[in-house]
Amino acid sequence: MSEEKLPQPVDTPPAPSVPEASGVDLARVALRAAKEQAKAKGAAAQQKKQARRGGGLRSGARADGRDPMALGAAINRLITERGWEAPAAVGGVMGRWPQIVGEDLAKHCVPVKYDDEPDARVLTVQCDSTAWATQLRLLAPTLVARLNEDLGHGTVRMIKVLGPGAPRRGYGPLRAPGSVGPGDTYG
């Protein structure tokens, strides 16, 4: 007679459990917490002692927050603390404008301001003639992409192009009433 082999129940391995902290681990955690508390108490006691002696905080051999720092490091720290990274980066772009847009365009179009509101992020550029303003309008999508590569995605959403400013109207005895006088055809 042949024996039929019945399927054997498959033993599933136990689910991995989070190891419980042993006595040694608990002791290490408690020791670390006690050391931190003692260090904080000692620092507070040292400050009280110095204050009683009339000295206040004194500098020592180790670096602390009162030490002088380099000007560049101080400026970078201020920019980071105040959240001025994007406006500072755009300011750098305004300084490198000829390298970004090219010498020809930079001679006729100048960045004027940057609106860094999260819903706006508009770079305003002033051109010296209507022809250059039109040229910049055609190049605006490419220029926005190039600026965002340099500054980070979404820093500049739109370029607002301003044409040349109208000349001042000089009113005098030789002016015809209602005349606009010489000016560019921008508008």
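Residues numbered from 1 in each chain as written. Predicted model: local features only at pLDDT ≥ 70, side-chain atom pairs only at ≥ 80, totals over all residues. Heavy atoms only, no water.

With that out of the way, let us pick up the environment of Leu-136. As for its placement among the helices and strands, Leu-136 is situated in helix 6 (residues 130–151). With 25 residues separating them along the chain, Leu-136 and Val-161 place their C-alpha atoms 7.2 Å apart. Beyond its immediate sequence surroundings of up to four residues, Leu-136 is in contact with Leu-105, Cys-109, Val-125, Cys-127, Leu-143 and Val-161. (Helix = DSSP H or I, 4+ residues; strand = E, 2+ residues; numbered from the N terminus. Contact = heavy atoms within 4.5 Å.)

Looking at the protein chain as a whole, the pLDDT averages 75, with 70% of positions reaching at least 70. Under a pLDDT of 50 for its full length, residues 15–19 has, in the predicted model, zero contacts with residues more than four places off or in other chains. (pLDDT = per-residue confidence, 0-100.)

The next thing to look at is the side chain of Thr-155. Tracing the chain through its elements places Thr-155 in the loop between helix 6 and strand 3 (158–162). Accessibility expressed as a relative area gives 10% for Thr-155, which makes it buried. (Buried < 20%, exposed > 50% of the residue type's maximum accessible area, 1.4 Å probe, protein only.)

Turning our attention to the pattern of salt bridges. What the rule picks out here adds up to two salt bridges. The shortest N-O distance in the salt bridge between Arg-96 and Asp-150 comes to 2.6 Å. A residue pair is termed long-range when its members are at least 10 positions apart, and Arg-96 in the loop between helix 3 (85–95) and helix 4 (97–101) and Asp-150 in helix 6 qualify at 54 residues. Overall, the relative accessible area of 36% leaves Arg-96 in the partly exposed class. (Salt bridge = Lys/Arg side-chain N within 4 Å of Asp/Glu carboxyl O.)

Turning next to the pairing of strand 2 (residues 122–127). Among the six residues in strand 2, five count as buried, and that is most of the element. With antiparallel pairing between neighbouring strands as the criterion, strand 1 (residues 109–115) and strand 2 make up a hairpin whose turn holds six residues, including Arg-121 at a positive phi of roughly 50 degrees. Pairing of strand 2 with strand 3, which is carried by five bridges, proceeds in the parallel orientation. Looking across to strand 3, one finds that Val-125 is bridged to Val-161. Read from strand 2 through helix 6 to strand 3, the crossover connection turns out right-handed. (Pairing = 2+ DSSP bridges. Right-handed = clockwise from strand over helix to strand, strands pointing away.)

Taken together, three strands build an open sheet; the order of strands is 1-2-3 and the sheet is mixed. Only two strands of the sheet have a single partner each, and these edge strands are strand 1 and strand 3. Across the sheet, the mean angle separating the axes of adjacent strands is 25 degrees when strand polarity is ignored. Taken together, the six bridges between strand 1 and strand 2 define a ladder with antiparallel strand orientation. In the strand pairing of strand 2, Val-110 is matched with Gln-126. Running at roughly 175 degrees to strand 1, helix 3 makes contact with strand 1 and strand 2 of the sheet. (Axes fitted to C-alpha atoms, helices over the stretch in contact; angles between N-to-C directions.)

Here the focus is the nonpolar core. Formed by 22 residues in total, the largest nonpolar core has its most connected members in Trp-97, Leu-123, Leu-136, Leu-143, Leu-147, Val-156 and Ile-159. Broken down by secondary-structure element, the contributors of at least two residues to this core are helix 3, helix 4, helix 5 (103–108), strand 1, strand 2, helix 6 and strand 3. By residue number, the principal contributor to this core is helix 6, which donates seven residues. Not counting chain neighbours up to four residues away, the residues in contact with Trp-97 comprise Gly-102, Ala-106, Cys-109, Val-110, Pro-111, Leu-123, Val-125 and Leu-143. (Core = buried A, V, L, I, M, F, W, Y, C linked by side-chain atoms within 4.5 Å.)

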